[in-house]
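Next come the chains, spelled out residue by residue.
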Amino acid sequence: MDIKDELIQIVEASKKEAIVPFLQKLSIKERKSLRSTLKKLNKEYMELFWVKKGNSTWAERNANEPQEYILNVCNFVCTDLKTFAKYNSNNFISKENLIPILAWGCPEWFGDFIFERNRFFRNGVDYDWMCELEEQGYVQPNCEFIAQQVLNISCPPFYGGIVNSIKFDFKEFTKREITLKEHIWYLFEYETPIHWSWQKDWIAIFVELAKHHYIDRTRLIKVTLGTANHNFKQNLINWFVKLFEALEVSNDELLNLQEDLFNVFHSPHSKAVNIVLKAVKNLAKEDAFDANAFLEHIPNLLASETKSVVNSSLMILDKLAKKYKTLAPQICQIACQALMHTDDKIQMRAAKLIKKYGDLQDETLCQEIGIYQDNLLYDTQNLLSHFLKRVALEESINEIENYQKEAIIREDNYIPALETFDDFVFLASQAFNQNEANHFDLLLGGMVRFAPDVNKVKIEKLMPAFQRAYKIRMTRWSPTTGYLTDLLANIFIDFGQLLVAHFPESCDAIVKIHMLNQKEDNKFNRNVRRLRSLKHWSTNASMTTFCKTHKELGIQVLEKIKNQGNLPLLSTPTHHSFWIDPIVFVERLHAYQVYETKPLDIDFQIALSRLALDHTQNALELAKEKLTGEYLQLMEFMLQPEALPPKQINAAALWMSATLSKNPKKIYSELDHLEYQNKMPRHFLDGQFNWYLKLEKSFLGDRVYKSLAIEINPPKKKNVAKGLGLSYFFHLFKKDRPYFLYENLWGYGDGAYFHHNDVKRFLGLLPNNPEPLLAIQLEMLAGSGYKPSTGEHARVEQLMEALLEQKAEYKKMAHIAIAAGMFYCTQTVQMLAAEAWVKGVYEERIQSGLVGEIQGKLTTINYAPLKRLTDLIANSMLNVSATHNLALQNLIEHCILNMSAKPITNTKKLLDIYYELLAKNKTQVQESKIWQQLEYWKVSGTLKKVIGGIEKINKNE
Amino acid sequence: MSDTITYQYTSSSQIQSVDGGSDALFLSKYNESKPDAAPCFFWGNLKQPYLISRCLITLSNVVQSSFNMSPFQIAMLKDPIVTAGNERIRFEGFSHCAGVYARVDVLPDGHDGEFLQSGTTNVDFNPPMIAALGNVRKQESLVLSVGKKEVSISNEGKKVVERKVPLPTKWIKGLTTVQLYLADSTPAFTLNKMQTIQLFRSIPKGKIKADYFLIKRGNKWVFTPVKQRSGICIGGLHRLRLLEPLLPLAERLQVFAHPKNQSTTWQLYFGDLRFSLSLSRESWRGFSGEGAALEALVEDVPIKWIESFDHYAYANQAFNPSLLAIEENLSLQESQNLSAQLSAMGLLGYDLDDNEFFYRRLPFKLKRIMSLNPRLKNAEKLLEQGKVEIIDKTARRIEAKVAGTGVHHTVVIEGDRQRCTCTWFSKNQGERGVCKHILAVKKLVRN
């Protein structure tokens, strides 16, 4: 019998005891020759398969226990690491199993396996066995592995006889000299879960080891301090900080370890830095304190973002300046760095130190202070005024004078028109990638323009786009695809079907791909099939509302193509993101006039709302030259700011949309006879809804989240706002009324269902009158910052970006969005809201008072922490320009007026900023109601000082 | 080819006390392509030991960081590489995700030592050595030794320190690609120490997904999420926090920007020492996948030139493609292709201050480096399978049809403008290098 058969026999007969003698007698070459047999045996016996019984599922092997052992031994001795790792039973690597084998069959990869591959199953090798294996030369463990194993050393505690005294049995630690001499110190060099070690109190163990001189105490303190600069996890660093505290290091000991102490200052972990600073504070008074070395490290501390670190450092500097007169100039210069902080306490502490020890004649010091002049708070500036007088101060720039409002129609935002069929092909292939929000409209424009020209070759070029459209529709759900992209895919598929109907001989490829996908789609229940005609497009009941206008546009565009209408769409944007150059618009309109064709109602109304109305002279002249009749009347009205609509009009819905686009605030009496104007509540048209705040609680799992509903109408009329009601108003009108854009914006839609890729597209419907659409989207901000959904952050970011791009004046809804945005939980949204305010002030489009009023009201219901606003103001809104500072003062004053009489957390910071602004703007508190509010707040101890300061400013003291 | 790389160091890098009371930073080195290279590249004093220690610690932080991988993927540390020669010592490294590139340059006046031989090598960065670097003080003298000066020491029969890590393909490819981004970058802004610290303090907390723009508002530098034409765009802004520990020590910060916003480089100056950190366009995009060199690689540059360059050049020697073009009578395009080719082979680095390439041969086997352009290989595969058909070819316009999965893609090349209907191109619009279809068409047309 050859060795292969013998092995098979041993396995089949489960002769556990026979395997070791069998393998032992084989040469290395013979063992290797067994690999092919083992491969088969492994497959048969060791492969795992799933077993399901009732509700439980588990993995099993065909091998019984002895067979599993036999094959593990064979794999260990004969095969490579990969095979062994694949079939290894986790409990095979054990002292009991391996001792009989290692002496003659230890594979080369044994070390690799237990150190690396077995990373997550190290329990098989304990510290003691690891040392034995190393001593016997089987493995060479690396230091990291040893550090992990040291944690397993047994060290049972016992009571020491006195109450609360626990001692440890260090027998295992002293068993080998190397354990305490070398191995235990690896715990300070490599990351281990020592801080999780619930079985052993390692802090107590180290304290005891040092106390009884098992290990060197100085070395222990030194390495403990050293860990602060290792790239360990914060929890682990904090554990070492606890160890340092537990060691109760004396001042004498610390004086010998000053270098190590100072190195902790470079640690990114503020807890470690703070503890060491506390220790250094005590040392600073000692003669042996190395002040020069300390000063070397101080720049890091003064730049720290942790206030307590900066404050403690300044305190130590003060002590040193007092003690070492010769070091005072250097210390003052170093202390200047603390002036970069905007915290009043830090600035004052640094300024006092400089004033106390600084020399007015010291040019370098004055220059150094000068660097920070822009950053100095009012009180600090006063304190250091003598130093500042000695330097030429840089003039602050008032940027508002240099700010130029940019035109809507510019060269840099021009959207290249689709000139050739190839342009259309490349647009179609990227339109579903959501690269640009306006691709929806551009693709529709391209479809109208190029539909009549198709042939077989051109269809082939469009096939990648069709492939993508089908893929989007057939994918049940994708987190990256917006609902409007899904709608666009449906429109494009229907466009393909139109082409098939018109050019059957050229469209084989479309027919093929459609049939292929239809076959797939037919496998699903009728109700959830994806390949439906556009009229039946829906993704989910609540989504359909906000997509309604786009869907209607798609339907009408396809109808136009079907009727071979190839005049260009009026609503296709010419400039980013959704603007239409009025000159191009007049040209487009002229084409319709020449061919005596009526534009699509929806297309015409969207186009009017996208018309750029800032520079209109050339377009007006062109209109007068080329247009006649109602088109000319319409353009004369749109392109002249003071023009009024004529009393006799034919297209009522169109004129209504035109007036809303031109000036949503103004009610033109000439149109009073229109039902839209005399029957419909105006806020559905101009978006100026009433709003109020209320606190809601939502439940998610067992946690309670605070959330807020900003409702655009009182609750009893909630349904009115949500669409039902609007339909009610429209019931008053004629049934066969023409299409009116605003009628279809309202429905059951809820802002919370917007996909982030749809936000800008939706707002792009009415760039001249975005308020009604903003009102719908405000739901997104309702949850303030407490909702932890990433998708929501992206949506709100898009909303803020759209607000920034908005050219129309900010009105009520925009103000709510900006005010609430400053409280949002992500800093990016906060900063975008702040930028919208900055831009609004530059362009005089925002009422800072209204923003403040909304924010004040938001604080009364605990909408979000006030700190978010105060931090944002300090970092992004303060000192932008003198005009901004005045606007900011106005914002804060209105905020204060609307806050509750009981001060909330961080009111002090808000008042600090207010105090600073009053001083900077050289103004006084005018409003008596503010004084009334400040009087209420004065009761609070923390606010007393700053309110006192404000009073002083008012008295010009 | 093995999917792991084994660094074999003769011993661990460490800081030892040497005669005269000073410390010596001994860096153990390993070069898999030239294991028998000179035992020691540099030996001598560093003039700013404290600062260089801080810079090396920051470099090790970069090397250990990752901005788009799970902790499981980043289990193993990759070692930085050092180039010594031409009076300069440069330490280079990448984050695991290959989206952050860092380099420490010790300039000629920053050291006082001898270059025993020039060359590039991996150096062992281990936690105890990094911890020891933290203890280096300003007044201390520090000797740097890249490799062992005394050959006998390394031959004392000590055990070899082996570290197996998964082959860092992203790393190697990043090192070959980032240079091309640096070469296109230009100086944008200079900030003093106070401005730099204030600016970095305004970095929002946590992981930042949105793009931010660096602008100057009034007298203050700020990051804003609003797109600004005058500003430079930074994706994955949080990655800049890696520089924070060095800011209080630096004299100034110089920001370099890529003209198409594909990367930014943040260079800190400490006298004769520089630390630069380059960020890729987004935190989830490494320099490795950007395909910057792809178009240049389509061109065939005579292997002879590359070989002779590799043979005669020495580490850190400046390489000027324009000068080469004049000397060798090459067209400018050819010389640019040559620098892209050399860079893709791991033979060039780029110095933004000197505005020129420098020679350094990556310490990895060349065949590893050359196997790293899958898009180019896929393009070649398309050609081999005859999937590319030229439809129209004039002096101004090339149109081709390339077979894809289930459809034919249209490729149109008009001068500098090239377009394809495939998903990759539709999504990225050429921002991340051209797709395999365009590459295949270009290669076919040129051949």
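Preceding this section is the structure that the text describes.
Okay, the overall build of chain A next. Within chain A, the regular secondary structure consists of 51 helices and six strands. Per-residue burial for chain A yields a buried fraction of 56% across its 957 residues. A sequence separation of at least 24 residues applies to 70% of the contacts in chain A between residues at least 6 apart. As displayed, chain A offers around 43400 Å² of accessible surface, 50% of which is attributable to carbon and sulfur atoms.

What follows deals with the interface of chain B and chain A. Listed per partner, the contact involves 60 residues of chain B and 63 residues of chain A. Both faces considered, chain B and chain A share a buried interface measuring about 5000 Å² in area, 48% of it formed by carbon and sulfur atoms. Per-residue buried area on chain B facing chain A is highest for Arg137, Arg201 and Arg217 of chain B; these three make up 13% of the total on that side. Inspection of the region where chain B meets chain A yields seven salt bridges. In this structure, the salt-bridge partner of Arg229 of chain B is Glu406 of chain A, at a minimum N-O distance of 2.6 Å. Where chain B touches chain A, the interface holds 21 residue pairs in polar contact (both at pLDDT 80 or more). Across the side of chain B that touches chain A, the residue classes tally to 22 nonpolar, 19 polar and 19 charged.

All names here are of chain A. If you walk through the whole model with that rule in mind, you get 43 aromatic pairs over all chains. Their ring planes at 55° and their centres at 6.2 Å tell us that Phe585 and Phe604 sit as a pair that is tilted. In this pair, Phe585 is assigned in helix H32 (residues 582-594) and Phe604 in helix H33 (residues 601-609), connecting sequence segments 19 residues apart. Residue Phe585 shares its accessibility class with Phe604, and that shared class is buried. Of the aromatic side chains, those joined through ring pairs into one cluster are Phe170, Phe173, Trp185, Phe188, Trp202, Phe206, Tyr214, Phe232, Trp239 and Phe240. The lysine or arginine in question, Lys16, covers the ring of Tyr69, its NZ or CZ lying 5.1 Å from the ring centre. The aromatic ring of Phe637 is capped on one face by Lys662, whose charged end is 4.2 Å from the ring centroid.

Procedures and definitions
- Residues numbered from 1 in each chain as written.
- Chains lettered and ligands numbered in written order.
- Predicted model: local features only at pLDDT ≥ 70, side-chain atom pairs only at ≥ 80, totals over all residues.
- Heavy atoms only, no water.
- Helix = DSSP H or I, 4+ residues; strand = E, 2+ residues; numbered from the N terminus.
- Buried < 20%, exposed > 50% of the residue type's maximum accessible area, 1.4 Å probe, protein only.
- Contact = heavy atoms within 4.5 Å.
- Areas by Shrake-Rupley, 256 points an atom, 1.4 Å probe, with all protein chains shown as cover.
- Buried area = accessible area lost by both parts, 1.4 Å probe.
- Salt bridge = Lys/Arg side-chain N within 4 Å of Asp/Glu carboxyl O.
- Polar contact = N/O pair within 3.5 Å; in protein donor to acceptor, adjacent residues only side chain to side chain.
- Nonpolar A, V, L, I, M, F, W, Y, C, P; charged D, E, K, R; others polar.
- Phe/Tyr/Trp six-rings, centres within 6.5 Å; stacked < 30°, edge-to-face > 60°.
- Lys NZ or Arg CZ within 6 Å of the ring centre and 35° of its normal.

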